[in-house]
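# Chains, contacts and geometry: an overview
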Amino acid sequence: MTEVRLPPAELDTFPKLLEFHAAQRPGRPAIREKDFGIWQTHTWGQVAEEVRNLAAGLLSLGVKRGDKVAIVGDNRPRLYWTMTAAQAIGAVPVPLYQDSVAKEMAYVVEHAEARFAVVEDQEQVDKLLEIHEGCPGLTQIVYDEARGMRHYTQPFLHHFDAVQAEGRDYNRIHPDFYAEEIARGKGADPAIILYTSGTTGTPKGVILSFDNVVKTAANGVKLEGLTDADESLAYLPMAWVGDHIFSYGQSYVAGFCVACPESSETVMHDMRELGPTYFFAPPRIFENILTTVMIRMEDASWVKRGIFRYFMEIARRSGTKILDGKPVGPGERLLYALGQILIYGPLKNTLGFTRIRLAYTAGEAIGPDIFDFYRSLGINLKQLYGSTEASVFITIQPDGEIEADTVGKPALGVEIKIADNGEVMFRGPGVFVEYFKNPEATTETKTADGWVHTGDAGFFADNGHLKIIDRAKDVGRVNDGGLFAPKYVENKLKFFPDIKEAVAYGHERDFCTAFINIDLVAVGSWAERNNVAYGSYQELAANPQVIEIVRGHIEKVNRDLAADPQLASCQIRRFLILHKELDADDGELTRTRKVRRRFVAERYESLIEALYTGAETAYIETEVTFEDGRKGTIKADLQVVDVGVEPLPAATMKKAS
Amino acid sequence: MVETLASEGVAEHQSAPRKKIGETLLRADNITLAFGGVKALTDISFEVREHEILAIIGPNGAGKTSMLNVINGFYHPQQGRIMYLGAERRAMRPHLAARQGIARTFQNVALFKGMSTLDNIMTGRVLKMKSNIFQQAIFWGANQREEIAHREVVEKIIDFLEIEAIRKTPVGRLPYGLQKRVELARALAMEPKLLLLDEPMAGMNVEEKEDMCRFILDVNDEFGTTIALIEHDMGVVMDISDRVVVLDYGRKLADGTPDEVRANQDVIDAYLGVSH
């Protein structure tokens, strides 16, 4: 690993860091953007110049110290510069999600008391014009793309170039202005307000100070050995804390180059052209890439398919071990090297992973198959656990200690403790200052001595890795005293392609049970291959062989669960396969396809009864809504199946007695 | 210093200045076109003015596409004349019409299916290229600079029509709506004075239609291109055109602003149908 040289600690704000890089590496690329089909590169020296002019331009527009500047748009260099320029003159940038509708935007703009907005294009200008009546505080709007703006004559609309030109003149007359302004900034000043997406109630504005962001970013840079030779792709929303740390904070600390894709649809093309060394994506994206690869391989000739299968098997066997530096025989190494030439190399090239040194995923559980696929190719994909309130990093998996179902060890400088109710709490340099204009929420989340409630339940495994199991409020207790983490169990079940949906029960019961939905595509193709005839979903779901397969999956999950003393009580003793798919039209799922646990429990009360009374079969009659709105009923006799469980470890037994 | 949002209403946005419609760009005088004994067009006169969007509408077989073909020189009318840029146009071939700045798209997409989007649009620049095939094969010096200049124009159009993601995709693999957009891009690459669009929205879903409408309006607005289009979707026609010409059985029924046409009794009977 290359030696990491962090900028001196007295550079405690981003404008100061920018001046540092402009002096240290003026000719190195700072940010790229693909425009008109060509990667346009801006060096650190150029960026500093742009930001100086923009800062003065914003000042002449009336931005004052402490003002909030809303920023709306896709990842664009000019919008990142706006952040630095605003920070340089003591204003606080407030990035907004660019795809939010006008009404959602109105809330944030109004709540943040933003007087100024810098936006990407006409689309965003239109949204702001639409909401301006509800946000009388918004006084000036600056736009980057002039397209379609010719007929907008409002005097409060300004083109980015005009603002910068104004600033250039100002700087010429006041040559010392910029240096004086940035010298006034301190590490404890608010650097940015990031609004949480607001899936639970109204969005909250998280204030992060320069110290929060700079120190956390620096810790991450130190831990992973990032240097100015690295390169990353900025394609996730600017309003999201991850992008702010990975594409802004860490870039300004380590001095590496960030690239902005041409448009949101071209991300994968651009990624391939660029070959970033540092990459972040939520599990969903890794899953999509893998699916695309697999589908394209299915279309390939049988020779290619055969070679692909053969070498992927070798990768599965040895790739991860080689990556983690564990011992592997010379024969395997040779085969893996051959595979590197024939399959892994070209594949990584197609995906844009050729130069990748470090990839993170976070946000939700990633399927072990997906995770291992990338790692076996030699891509150092790691999981981390973070939140806006922590300036991202709470835990990171250290190199060589990677497991699919943990989120790693505490990040540098972060302390973690597990509260009595199982909730994960943390304290560290990245802990947010407060929620903007919401002291109740602040005191609810942050204790006086700096500990933050995450709302997630978790525990430390024996190797010191943190495991997140569920939202704390969803975690219950089985009657023997053991933890019951429904989502953790359900996710484990859903990683099997045969299982589409699972609903686990066990809170205040003697043991755990589950409803299973089979995946019609996966199980249907299994049936086709094995000459199993079936006429409907219901018939396939009731097939004894299918039940046997599902039982096998559950037993495997039970074995996994038993390995964790904390979760051993979650083992599923009885299950049944539902006769119909859980459906949003029937109110069983939300529109985003999340199970509405309570509703399902009420609707299928008789089935839950059967799971716990020891009955062999359960009769159910359900009303269903067809796609054309008509209603009908489905009747079925469902088989209730017992599953073997591993014995509970002694520790839990003791607690129970 | 500057006036602020609070003091300024949004109302001004709506009353933004409309584009200027200029002089007559093309005039058809008493056009009659017959195939043997079948009269496709009978005594049709109308004009296309600079910077406007003119829609030609009419039921099936009314002679709309024939009219477009007459304008771009593919058909030669037996009677009547076409005045273009103030001069009478002689019987000519379509490529000469193209040289004079008339570009078009087709009812059934007519692209090179095996070529990429980018290459398809580059073909729109062929008429503007000066170098010959041998110079292009060597690709050096002036020729290289020329290619780069053309590529720049094409990239601006790609950016304008938001088709960056399919730049390198073979056109045959694209969905229909996008193929239509590529065809529009190729026509724009000619930097035409007059753009003829033959059913630009046929077979599209609502979202694709909305996109296409926006692009047509943007092209008209940003480049000042005069547009004559044939379209079946009445909503679209009434929304985006400045003037409408209505044909029926090869004759002109009406000619005027959308509102005038909508109120015309002949048009209602022939095309829009009797309202219930």
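Residues numbered from 1 in each chain as written. Chains lettered and ligands numbered in written order. Predicted model: local features only at pLDDT ≥ 70, side-chain atom pairs only at ≥ 80, totals over all residues. Heavy atoms only, no water.

## Section: the overall build of chain B
The number of helices and strands found in chain B is 11 helices and 10 strands. Taking 2.2 N^0.38 as the reference for a compact globule, 276 residues should give roughly 19 Å; the C-alpha atoms of chain B span a radius of gyration of 20 Å, in line with that estimate. If one aligns the C-alpha atoms of chain B with their principal axes, the spans along those axes are about 65 × 60 × 40 Å. Taking all 276 residues of chain B together, 50% fall into the buried category. Partitioning the contacts of chain B with sequence separation of at least 6, the portion at a separation of at least 24 is 67%. Carbon and sulfur atoms form 52% of the exposed surface of chain B, whose accessible area is close to 13600 Å². Of note, chain B has its 33 positive side-chain charges centred 9 Å away from the centre of its 39 negative side-chain charges. (Helix = DSSP H or I, 4+ residues; strand = E, 2+ residues; numbered from the N terminus. Rg over C-alpha atoms; globule rule 2.2 N^0.38 Å. Buried < 20%, exposed > 50% of the residue type's maximum accessible area, 1.4 Å probe, protein only. Contact = heavy atoms within 4.5 Å. Areas by Shrake-Rupley, 256 points an atom, 1.4 Å probe, with all protein chains shown as cover. Lys, Arg positive; Asp, Glu negative; His and termini not counted. Charge placed at Lys NZ, Arg CZ, Asp CG, Glu CD.)

## Remarks on the domain arrangement of chain B
Residue and element names in this part refer to chain B. Annotation of chain B at the domain level lists domain 1 (23-101 + 192-276) and domain 2 (111-186). Using only C-alpha atoms to locate each centre, domain 1 and domain 2 end up separated by 27 Å. With 20 residues of domain 1 at the contact, the number on the domain 2 side is 9 residues. In total, about 1100 Å² of surface goes out of reach between domain 1 and domain 2, with carbon and sulfur atoms giving 73% of it. There are 2 salt bridges connecting domain 1 and domain 2. Note that Arg 214 is salt-bridged to Glu 162, the shortest N-O span being 3.7 Å. Run the count over domain 1 and domain 2 and you get 2 residue pairs in polar contact (both at pLDDT 80 or more). (Domains from an automatic or database assignment. Buried area = accessible area lost by both parts, 1.4 Å probe. Salt bridge = Lys/Arg side-chain N within 4 Å of Asp/Glu carboxyl O. Polar contact = N/O pair within 3.5 Å; in protein donor to acceptor, adjacent residues only side chain to side chain.)

## Focus on the packing of aromatic side chains
Residues and elements named next belong to chain A. Within the structure shown, the criterion is met by 30 aromatic pairs over all chains. Here the aromatic rings of Tyr 310 and Phe 311 are separated by 5.1 Å at their centres, their planes lie at 80 degrees, and the arrangement is edge-to-face. Taken together, a centroid distance of 5.3 Å and an interplanar angle of 70 degrees make the contact between Tyr 505 and Phe 515 edge-to-face. Within this pair, whereas Tyr 505 is found in strand β24 (residues 499-505), its partner Phe 515 is found in strand β25 (residues 512-518), the two being separated by 10 residues in sequence. Comparing Tyr 505 with Phe 515, the two get one shared label, buried. Cluster of aromatic residues (ring-pair linked, three or more members): Trp 240, Phe 246, Phe 256, Tyr 278, Phe 280, Tyr 360 and Phe 393. For Lys 204, the ring lying beneath its charged end belongs to Tyr 435, and the centroid distance is 4.9 Å. The ring of Phe 432 has Lys 446 lying over it, and the distance from NZ or CZ to the ring centre is 5.4 Å. (Phe/Tyr/Trp six-rings, centres within 6.5 Å; stacked < 30°, edge-to-face > 60°. Lys NZ or Arg CZ within 6 Å of the ring centre and 35° of its normal.)

## A short note on the confidence of the model for chain A
Residues and elements named next belong to chain A. Of all residues in chain A, 97% attain a pLDDT of 70 or more, and the chain-wide mean is 90. Averaged over each element, pLDDT in chain A is lowest for helix α22 (residues 650-656) (44) and highest for helix α3 (residues 77-88) (97). pLDDT under 50 marks residues 651-657. Its contacts with residues more than four places away, or in other chains, come to 9 contacts. (pLDDT = per-residue confidence, 0-100.)

## Considerations on the side chain of Thr 395 of chain A
Residue and element names in this part refer to chain A. Tracing the chain through its elements places Thr 395 in strand β15 (residues 392-396). Of the polar contacts made by the side chain of Thr 395, one reaches the backbone oxygen of Val 407; its length is 2.8 Å. Filtering out sequence-adjacent residues up to four positions away, Thr 395 remains in contact with Leu 384, Tyr 385, Val 407, Gly 408, Lys 409, Pro 410, Ala 411, Ile 416 and Leu 466.

## A word on a nonpolar patch on the surface
Residue and element names in this part refer to chain A. A cluster of nonpolar side chains, Trp 302, Val 303, Ile 307, Leu 338, Ile 341 and Leu 342, forms an exposed patch at the surface whose accessible area comes to about 630 Å². For the nonpolar patch, the secondary-structure elements that each account for two or more residues are α12 (302-323) and α13 (330-351). Take Ile 341: it is sitting in helix α13. Residue Ile 341 is classed as exposed on the basis of its relative accessible area, which comes to 62%. (Patch = residues over 30% accessible without salt bridge, like charges linked within 9 Å, V, L, I, M, F, W, Y side chains within 5 Å.)

## Digging into the pattern of salt bridges
According to the stated counting rule, one finds 62 salt bridges over all chains in the structure shown. With a shortest N-O distance of 3.0 Å, Arg 115 of chain A and Asp 67 of chain A are connected by a salt bridge. Separated by 48 residues along the polypeptide, Arg 115 of chain A in strand β5 (residues 114-119) and Asp 67 of chain A in the loop between α2 (44-61) and β3 (68-72) bring together distant segments of the chain. Judged by relative accessible area, Asp 67 of chain A falls into the buried class, the value being 12%. The partner of Glu 120 of chain A in a salt bridge is Arg 76 of chain A, with the nearest N and O atoms 3.2 Å apart. Note that Glu 120 of chain A is positioned in the loop between β5 and α5 (122-131) and Arg 76 of chain A in the loop between β3 and α3, a separation of 44 residues in sequence. Judged on exposure class, the residue Glu 120 of chain A and its partner Arg 76 of chain A are both buried. Salt bridges here are not isolated pairs; linked through shared partners, they connect Lys 34, Glu 262, Asp 270 and Glu 273 of chain A together with Arg 151, Glu 155 and Arg 167 of chain B.

## Structural notes on the packing of α2 of chain A against α3 of chain A
Residue and element names in this part refer to chain A. One can describe the packing of α2 onto α3 by two numbers: an axis separation of 8 Å at closest approach and a directional angle of 55 degrees. By the angle between their axes, α2 is oblique relative to α3. Every pair of crossing elements has a handedness; the one defined by α2 and α3 is right-handed. Packed against α2, whose contacting residues are Val 47, Glu 50, Val 51, Leu 54, Ala 55 and Leu 58, the element α3 presents Trp 81, Thr 82, Thr 84, Ala 85, Ala 86 and Ala 88 at the interface. The class makeup of the residues in the contact of α2 with α3 is 9 nonpolar, 2 polar and 1 charged. (Axes fitted to C-alpha atoms, helices over the stretch in contact; angles between N-to-C directions. Parallel < 35°, antiparallel > 145°, perpendicular 65-115°, else oblique. Left-handed = near helix turned anticlockwise from the far one by under 90°. Nonpolar A, V, L, I, M, F, W, Y, C, P; charged D, E, K, R; others polar.)

## Looking at the domain arrangement of chain A
Entries for chain A in the domain assignment read domain 1 (14-280) and domain 2 (475-656). On a C-alpha basis, the centroid separation for the pair domain 1 of chain A and domain 2 of chain A is 47 Å.

## Here we look at the sheet that holds β25 of chain A
Residues and elements named next belong to chain A. With mixed pairing, 5 strands are arranged side by side in an open sheet as β24-β25-β26-β28-β27. Across the chains shown, the open sheet's two edge strands, defined by having one partner strand only, are β24 and β27 (617-625). Sheet twist, expressed as the mean angle between neighbouring strand axes with direction ignored, is 30 degrees. Looking at chain direction, β24 and β25 are connected through 6 bridges and run antiparallel. Across the sheet, residue Tyr 505 finds its bridge partner in β25, namely Thr 513. Running at roughly 155 degrees to β24, helix α16 (residues 486-494) makes contact with β24, β25 and β26 (572-577) of the sheet. Against the sheet, helix α21 (residues 605-613) makes contact with β24, β25, β26, β27 and β28 (631-642), and its axis sits at roughly 130 degrees relative to β25, the strand it touches most. (Pairing = 2+ DSSP bridges.)

## Regarding the sheet that holds strand β9 (residues 205-209) of chain A
Within a sheet, neighbouring strands are paired by backbone hydrogen bonds and run either parallel or antiparallel to one another. Residue and element names in this part refer to chain A. Sheet architecture is open: 3 strands sit in the order β8-β9-β19, paired in antiparallel fashion. Single-partner strands in this sheet number two, and they are β8 (190-195) and β19 (434-435). Here β8 pairs with β9 via 5 bridges, running antiparallel. Across the sheet, residue Tyr 195 finds its bridge partner in β9, namely Gly 205.

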